[in-house]
Amino acid sequence: MQENEPVILPIEDELDLHTFNPKEIKPLLEDYLNECRKRGILEVRIIHGKGKGQLRRTVHALMEKFDFVISYFTAPPERGGHGATIAWLKGWDNT
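Criteria and cut-off values
- Residues numbered from 1 in each chain as written.
- Predicted model: local features only at pLDDT ≥ 70, side-chain atom pairs only at ≥ 80, totals over all residues.
- Heavy atoms only, no water.
- Helix = DSSP H or I, 4+ residues; strand = E, 2+ residues; numbered from the N terminus.
- Expected span 1.5 Å × (residues − 1).
- Buried < 20%, exposed > 50% of the residue type's maximum accessible area, 1.4 Å probe, protein only.
- Arc of directions from axis to C-beta.
- pLDDT = per-residue confidence, 0-100.
- Right-handed = clockwise from strand over helix to strand, strands pointing away.
- Pairing = 2+ DSSP bridges.

1. Examining helix H2 (residues 54-65)
Turning to step 1, where the next piece is worked out: Taking 1.5 Å as the rise per residue, H2 with twelve residues should run 16 Å; its terminal C-alpha atoms sit 17 Å apart, in good agreement.
Turning to step 2, where the next piece is worked out: Among the residues making up H2, those that are buried are Val59, His60, Leu62 and Met63. Mapping the buried residues of H2 onto a view down its axis gives an arc of 160°, with all of them on the same face. Along H2, exposed side chains directed more than 90 degrees from the buried face belong to Glu64 and Lys65.

2. Observations concerning the confidence of the model for the chain
Turning to step 1, where the next piece is worked out: Per-residue confidence for the chain averages 90 on the pLDDT scale, and 89% of its residues sit at or above 70.
Turning to step 2, where the next piece is worked out: For the chain, helix H1 (residues 25-38) is the element with the lowest average pLDDT, namely 94, and strand S4 (residues 84-89) is the one with the highest, namely 98.

3. Structural notes on the pairing of strand S2 (residues 43-47)
It is a general feature of regular strands that their side chains alternate between the two faces of the sheet.
Turning to step 1, where the next piece is worked out: Among the five residues of S2, four are classified as buried, and the element is accordingly described as predominantly covered.
Turning to step 2, where the next piece is worked out: Read from strand S1 (residues 14-16) through H1 to S2, the crossover connection turns out right-handed.
Turning to step 3, where the next piece is worked out: Note: S2 against S4, five bridges, orientation antiparallel. Paired with Ile47 across the bridge in S4 is Ala84.

Below, the structure written as structure tokens:
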């Protein structure tokens, strides 16, 4: 695979951000969430890891800006705790 080739991700209710460059997060997250909405996946888990919390803060700041995010919150311990965020999305036809 070439370095600049797009990565095809399966669209599921979970996205792990560990393998992505921080510069890619905003467009990736927005595209992923919109594709989930189109497919009727309205609850998603975004895995950002615990670390120093920078990626979590970035994800939460983006969630605030997306008008299609109904709510988001830190995942409960059994779903990743502080290492993941759960988001509830508006359906595609509710835009």
